[in-house]
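Descriptive structure summary
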Amino acid sequence: MSSAPPPFPEELNGDETLYRALRNASHLADKRFAFLLRPLERESGLSVRYNCTPDDCENELAEKSYGVLSLLARQVVSLRLQVKPDSSNHANIIGLPLKEENETRAFSLAGELSRMAITVRSGLRKKTG
Amino acid sequence: MAACPVLDFGSLASDTPTTTTSADAGLQQGQNFNRQISIEQSKPLLSQRPDELINFWSVYASMPSVVKKFQNLAVSDDVEVPPTGYAQFVATQTVPAVYELLTRSSALPEPAMGTDDSGAIMVSWSRADKYVAANFGANPETRSFIYFEQGTERASTSLTENNLLDRLRWLLG
């Protein structure tokens with residue numbers, strides 16, 4: 001008996017839109033900061049949402065958001081990074097180092113991603129309720 | 001008539017690139033926060049050449065916003081993690097000192113400033129196709145560095161006052 005295929009693809013490498021919510025005001029001033037891998041993302045990869053709206057992406061943040069950036073999966077893959085979903089609307093960008101591990105590569109790749117990214121929404125938005 | 005304050009900006013006159021010495025590593029090790037500034041000679045304000053006077057005012061006009069930004073960072077709601085005391089101390093010692101030494105600091109773009117999850121401070125400047133970022137480590141054990149790029153050329157170096165001065169001069173060049 002064959003097992004059912006997972007409800008999400010193994011990898012994203014096409015025109016899927018990826019969203020990254022901005023946690024700090026500084027991410028608006030320098031979008032590159034938003035694409036620096038956080039220590040808690042070290043094992044999983046850089047967290048992005050897909051197959052959702054920018055609002056859905058922002059709502060994932062606990063208290064507030066400073067905006068949302070978007071880019072396409074194929075743009076990320078062009079940098080020899082991988083986009084691996086772990087659910088039907090969440091994926092991780094694999095291959096980014098922590099800045100503490102490789103500062104030049106971390107900032108360089110964050111720069112490439114930030115240049116490709118489009119600001120979908122900007123400005124402080126607090127969660128209500 | 002009130003006495004005219006003696007303002008010293010002998011150190012602002014030179015724009016000659018500086019070299020990095022092994023002593024610069026002191027910043028990283030958290031042992032040497034003293035500014036490596038050699039003050040040439042104190043001169044009263046009225047004895048300055050016009051270009052030096054213009055430079056003086058442009059430096060002091062551009063500094064408060066940077067200093068205020070550092071101060072605000074510790075109490076700002078706009079950062080998830082406030083900077084550590086160590087990062088704050090080193091950054092507030094280093095960046096204003098470098099601005100003071102730059103003869104064209106008023107030409108610097110407004111820096112972006114934020115923190116990471118560990119409380120390190122990140123400051124960046126962009127001008128045309130050049131980019132400079134300074135990462136002030138959260139504690140003496142974590143590396144503080146400067147990242148810089150122009151087009152496809154990217155590199156990083158240790159974060160010292162001299163190195164940051166060189167990089168910001170390069171940014172303005």
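Further up the page is the structure itself.
Below, the structure is looked at part by part. Note that the structure is predicted; figures quoted are calculated from it, not measured.

Definitions and limits used
Residues numbered from 1 in each chain as written. Chains lettered and ligands numbered in written order. Predicted model: local features only at pLDDT ≥ 70, side-chain atom pairs only at ≥ 80, totals over all residues. Heavy atoms only, no water. Core = buried A, V, L, I, M, F, W, Y, C linked by side-chain atoms within 4.5 Å. Buried < 20%, exposed > 50% of the residue type's maximum accessible area, 1.4 Å probe, protein only. Helix = DSSP H or I, 4+ residues; strand = E, 2+ residues; numbered from the N terminus. Contact = heavy atoms within 4.5 Å. Axes fitted to C-alpha atoms, helices over the stretch in contact; angles between N-to-C directions. Parallel < 35°, antiparallel > 145°, perpendicular 65-115°, else oblique. Left-handed = near helix turned anticlockwise from the far one by under 90°. Nonpolar A, V, L, I, M, F, W, Y, C, P; charged D, E, K, R; others polar. Buried area = accessible area lost by both parts, 1.4 Å probe. Salt bridge = Lys/Arg side-chain N within 4 Å of Asp/Glu carboxyl O. Polar contact = N/O pair within 3.5 Å; in protein donor to acceptor, adjacent residues only side chain to side chain.

**Side note on the nonpolar core**
In this structure, Leu18 and Phe107 of chain A are the most contacted members of the largest nonpolar core, which totals 35 residues. Secondary structure elements with two or more residues in this core: strand 2 (46–50), strand 3 (64–72), helix 3 (73–77), strand 5 (90–94) and helix 4 (103–116) of chain A together with strand 3 (130–136) and strand 4 (145–150) of chain B. When residues in this core are grouped by element, the largest group, five residues, is from helix 4 of chain A. Not counting chain neighbours up to four residues away, the residues in contact with Leu18 of chain A comprise Leu12, Val48, Arg49, Tyr50, Leu69, Ser70, Leu71, Leu72, Ala73, Val76 and Val83 of chain A. Counting residues in hydrophobic clusters, the runner-up holds 29 residues, among them Phe70, Leu73, Leu108 and Ala134 of chain B.

**Digging into the packing of helix 3 (residues 85–101) of chain B against helix 4 (residues 161–172) of chain B**
Residues and elements named next belong to chain B. Contact geometry for helix 3 and helix 4: axes closest at 9 Å, N-to-C directions at 50°. If you check the angle between helix 3 and helix 4, you find them oblique. With respect to the hand of their crossing, helix 3 and helix 4 are arranged in right-handed fashion. Contact residues: helix 3 offers Gln93, Thr94, Val95, Ala97, Val98, Tyr99 and Leu101, while helix 4 offers Glu161, Leu164, Leu165, Leu168 and Arg169. Across the contact of helix 3 with helix 4, the residue classes tally to eight nonpolar, two polar and two charged.

**Structural notes on the interface of chain B and chain A**
Across the boundary between the two partners, chain B contributes 24 residues, which contact 22 residues of chain A. Summed over both sides, the interface of chain B with chain A buries roughly 1900 Å², with 46% coming from carbon and sulfur. At the junction of chain B and chain A, the tally comes to eight salt bridges. Its salt-bridge partner being Glu103 of chain A, residue Arg143 of chain B comes within 2.6 Å of it at the nearest N-O pair. Counting across the chain B and chain A interface gives 19 residue pairs in polar contact (both at pLDDT 80 or more). Secondary structure elements with two or more residues in the side of chain B that touches chain A: strand 1 (112–115), strand 2 (121–127), strand 3, strand 4 and strand 5 (153–158) of chain B. A per-element tally of the side of chain B that touches chain A places strand 1 of chain B first, with four residues. For the side of chain B that touches chain A, the residue count by class is eleven nonpolar, five polar and eight charged.

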